[in-house]
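Residues per chain, in single letters:
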Amino acid sequence: MGHPTINKNLTKQDTAKHNLNNYEEIRGDFSWDKISRKIDWFDNEHINIAHVAIDSHLKTERKNKKAMIWESKKGAVEEYTFADMARLTNKFANVLVNEAGIVKGDRVFFFLERVPEIYISILGTLKAGGVIGPLFSAFGPEAVKDRMFDSRAKVLVTSPSLKKKIAEILPELPCLEKIIIVNRGNDSVDAGDISYEKAIEDASEQFDIVKTHKEDYAIMHYTSGTTGKPKGAVHVHQAVIGHYATAKYVLDLQENDMYWCTADPGWVTGTSYGIFGPWSNGITQAIYEGGFSTKKWYSFIERNKVTVWYTAPTAVRMLMKSGEEVPKEYCFDSLRYMCSVGEPLNPEAVFWGEKVFGMPFHDNWWQTETGAIMIANYPVQDVKPGSMGRPFPGIYPGILDDQFNELPAGVEGNLAVKPGWPSMFRTYWEKEELYQSCFKNGWYITGDKAQKDEDGYFWFVGRADDVINTAGHLVGPFEVESVLIEHPAVAEAGVIGKPDPIVMEVIKAFVSLKVGHEPSEELMHDIKKFVTKRLSSVASPREIEFIPSLPKTRSGKIMRRLLKAKELGLPLGDTSTLEDD
Ligand code: ATP
Ligand code: MG
């Protein structure tokens, strides 16, 4: 806390421009039932995400509106209207049903680069009633095997090079019946595999979409594994109500926006907000095939005139690392709103947004399990840097003690949410007991620690497993890390508790430095002093270790679990989601 609030001082006219123009009013009046009537159901009980995201627009003026503007790593551009998407997804659904024998409930997994075909095949699978399982293309063979074996996937959609990468594990997947190869060229496919291009060319454009029940399984996302073995969170078709509502009110997506979500469809952000949220709102998305690159990202925003940008703290920190001069070479006039998710967003990053883009990054909080944004900063509300914001209308979070009773404002505890929203996960795939254990005393327990202030803003403290107990004080790693990165020499920081016979745990910080700074004893003292002054001597790291970069998951999250295991010489556990050095 302790940072100045970013007061937006909006006029009535300014607020009227936003979908959520009055937080209290919309929250007071909100019902999931009411908002669900804004999207197209087959009847009271039946809904299909792909119909809502694509086909429902064909009846409207959006039919010939661009749904996707895709740019390859090399700069080639492809554009698809909603009508194109409808046609191609129908074709893919036909391929699945006729050539791969997919029936409702079968799992279809995607191990593909961020090419247009991943969007088409995901939506086509939903049309066919299949359950989608997107995997990040940077995964290695073991990570793919674990997830596909666990889910008993029947079909895999992949590319020639990615198939080669996992060739050794394919014989170990007894349930895998068909592989569909996306060529994007003229490579021939292995005998027995289906060529995406050829099959699409031959398939009919007509498909009778499977009229799935609102509670039918639709999406499986294995959580990123920051704290343990990935588990398959399962979501149902009516989750799209949540994607639709939050994309509208949190991301503020409006008819003429050019929206860019930097997340890969391998992560829940890349599906909820890289596919379903924007397209259920009929919004045009700009999609970049490549990964992070400061210059490429800046020029992508400039060239595509991106208006709304949804990214992650790790990306913001990397942009910060490259300084304030580079962005001056680009024009960001099109940008009107920026959001962030995935990890705590350090206040320093919020302010940096203001400095460089003329607006703060708006943090929001949610999880694979919640399927959609739960707590957020909104365009019409003041931003308290370091806070995740306020609950989404229709969402009731609370802070609980360890007996799962609600705590008052200003007290740290377990972040929980009252169950019952549409995009809530319905189980962990074949781990029902683990799923049930997440619910206590009428609450869904998120596994995060947080507190709430008098204005109803929520503040992240840390993952329950990461909170440090030192000399009788509970210290959240986020608070210490945020102060560390305010130090002029520090680029990134990961903070852990290291067991200590006297004070239970001492704080240890792993720190990577900005370009132009070298590790030294002196710098170490200076950083410690800096934290003591800003926070307290209790929160100041006893030990600081300089490392070139922090271990992160492929979605960019700092893996404190790994830092701790390395520090203590313990087994590293599941590292399948770890990014390469
Ligand atoms: P696993 O559950 O396998 O350990 P994971 O929790 O990293 O992996 P996700 O569901 O992708 O998997 O991440 C959700 C978690 O990310 C949240 O529970 C929280 O710890 C963190 N997180 C997400 N957004 C924010 C945010 N805005 N502020 C703070 N933490 C966030
Ligand atoms: Mg989690």
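> Help me out: how do you make sense of unusual backbone geometry in this one?
Positive phi, close to 70°, is recorded for Phe404, a residue that is not glycine. One can find Phe404 in the loop between strand E17 (397–400) and strand E18 (413–417). Its identity as a non-glycine residue notwithstanding, Ala471 has a phi of 45°, on the positive side. Looking at the secondary structure, you find Ala471 in the loop between strand E23 (468–470) and strand E24 (473–475).

> Looking at this structure, I do not really get empty space enclosed by the protein. What am I missing?
To locate leftover empty space, one rolls a probe as large as a water molecule over the atoms. Summed over all chains, the structure comprises 4 cavities of 30 Å³ or more. If you trace the largest cavity, you find it lined by Arg317, Glu343, Pro344, Asn346, Phe478, Glu481, Ile485, Glu492, Ala493, Ile558 and Arg560. Elements with a minimum of two residues in the lining of the largest cavity: helix H16 (477–484) and strand E25 (490–500). Its residues assigned to classes, the lining of the largest cavity comprises 5 nonpolar, 1 polar and 5 charged.

> What should I look at first to understand the packing of aromatic side chains in this one?
In this description, a pair of aromatic rings is defined by centroid distance and the angle of the planes. Counted according to the given criterion, the structure contains 36 aromatic pairs. With a centroid separation of 5.9 Å and an interplanar angle of 80°, the aromatic rings of Trp352 and Phe357 are classed as edge-to-face. Here the two residues Trp352 and Phe357 agree in accessibility, since each one is buried. By the ring-pair criterion, three or more aromatic residues cluster together here, those being Trp260, Tyr288, Phe292, Trp297, Tyr298, Phe300, Trp309, Tyr330, Phe332, Trp352, Phe357 and Phe361. Here the basic side chain of Lys211 rests over the ring of Phe42, its NZ or CZ set 5.2 Å away from the ring centre.

> When you look at the pattern of salt bridges in this model, what are you seeing that I'm missing?
Where charged atoms of side chains with opposite charge meet at close range, the side chains can pair. Under the counting rule described, the total for this entry stands at 44 salt bridges. Glu255 is the salt-bridge partner of Arg62, the closest N and O atoms lying 2.8 Å from each other. Here Glu255 lies in the loop between helix H10 (239–249) and strand E10 (258–261) and Arg62 lies in the loop between helix H4 (49–53) and strand E1 (66–71), a separation of 193 residues in the sequence. The partly exposed category is assigned to Glu255, whose relative accessible area is 36%. Glu492 is paired through a salt bridge with Lys552; the nearest N and O atoms lie 3.0 Å apart. Taken as a pair, Glu492 in strand E25 and Lys552 in the loop between strand E27 (543–546) and helix H18 (560–568) lie far apart in primary sequence, 60 residues in all. The buried category is assigned to Glu492, whose relative accessible area is 4%. Judged by its relative accessible area of 6%, Lys552 is buried. Counted as one network, the salt bridges with shared partners bring together Lys498, Lys508, Glu543, Glu545 and Glu567.

> What exactly am I supposed to notice about helix H14 (residues 347–357) here?
In an α-helix, one full turn covers 3.6 residues, which means residues spaced three or four apart are oriented alike. Buried within H14 we find Pro347, Ala349, Val350, Trp352, Gly353, Val356 and Phe357. Two residues or fewer after H14 comes Gly358, characterised by a positive phi angle close to 80°.

> What is the right way to look at the nonpolar core in this model?
Nonpolar side chains tend toward joint burial in soluble globular proteins. Core analysis: the biggest nonpolar cluster contains 104 residues, and Met85 and Trp279 have the highest contact counts within it. In terms of residue count, the dominant contributor to this core is helix H5 (residues 82–100) (9 residues). Ignoring anything within four residues of it in the chain, the contact list for Met85 reads Ile54, Ala67, Met68, Tyr80, Tyr119, Ile120, Leu123 and Trp279. Core analysis: the next-biggest nonpolar cluster, separate from the first, contains 30 residues, Tyr298, Val326, Tyr330 and Val356 among them.

> It is not clear to me how the pairing of E10 should be interpreted in this structure. Could you clarify?
Of the two faces of E10, the one holding Met258 and Trp260 and the one holding Tyr259 and Cys261 are both buried throughout. Alignment of E10 against strand E11 (residues 284–288), held across 2 bridges, turns out to be parallel. In the strand pairing of E11, Tyr259 is matched with Gln285. In this view, the connection linking E10 to its parallel neighbour E11 by way of helix H11 (residues 268–280) has right-handed handedness. In the sheet, E10 pairs with strand E12 (residues 308–311) via 3 bridges, with the strands oriented parallel. Residue pairing in the sheet places Tyr259 in a bridge with Val308 of E12.

Rules behind the numbers
- Every chain's residues receive numbers from 1 upward, in the order its sequence appears when written.
- Written order determines the labels here, with chains lettered from A and ligands numbered from 1.
- The predicted origin of the model limits local features to residues at a pLDDT of at least 70 and limits the giving and counting of side-chain atom pairs to 80 or more, whereas totals for whole chains, interfaces and linings rest on all residues.
- Remark: hydrogens and water are excluded; side-chain values derive from all non-hydrogen atoms of the structure.
- Helix and strand definitions follow DSSP, with helices as H or I runs of at least four residues and strands as E runs of at least two, each counted in order from the N terminus.
- Of the two site types, the cavity is a set of points on a 1 Å grid over the protein atoms alone where a 1.4 Å probe fits but cannot get out, and the pocket is an open set with protein on both sides within 12 Å along at least five of seven lines, each lined by residues with an atom within 4 Å of a point.
- Grid points are joined across faces, edges and corners, and a volume is the space filled by probe spheres set on the points.
- Three classes are used, and their members are as follows: Ala, Val, Leu, Ile, Met, Phe, Trp, Tyr, Cys and Pro are nonpolar, Asp, Glu, Lys and Arg are charged, and the others, Gly among them, are polar.
- Between the rings of Phe, Tyr and Trp (Trp by its six-membered ring), a pair exists once the centres lie within 6.5 Å; its type follows the angle of the planes, with under 30 degrees stacked, over 60 edge-to-face, and the other angles tilted.
- Throughout this description, buried means an accessible area under 20% of the type-specific maximum (1.4 Å probe, protein chains only), exposed means over 50%, and partly exposed covers the range between.
- We call a charge positioned above a ring when the Lys NZ or Arg CZ atom is no farther than 6 Å from the ring centre and deviates by at most 35 degrees from the ring normal.
- A side-chain nitrogen of Lys or Arg and a carboxyl oxygen of Asp or Glu constitute a salt bridge if their distance falls within 4 Å.
- Within this scheme, the nonpolar core is defined by two criteria: the residues are buried Ala, Val, Leu, Ile, Met, Phe, Trp, Tyr or Cys, and they are joined through side-chain atoms within 4.5 Å.
- In what follows, a contact means two residues having at least one pair of non-hydrogen atoms within 4.5 Å.
- Criterion used throughout: strands pair if DSSP finds at least two bridges between them.
- When the strands point away from the viewer, a crossover counts as right-handed if the route from the first strand across the helix to the second turns clockwise.

Function cannot be inferred from these measures alone, as they are strictly geometric.
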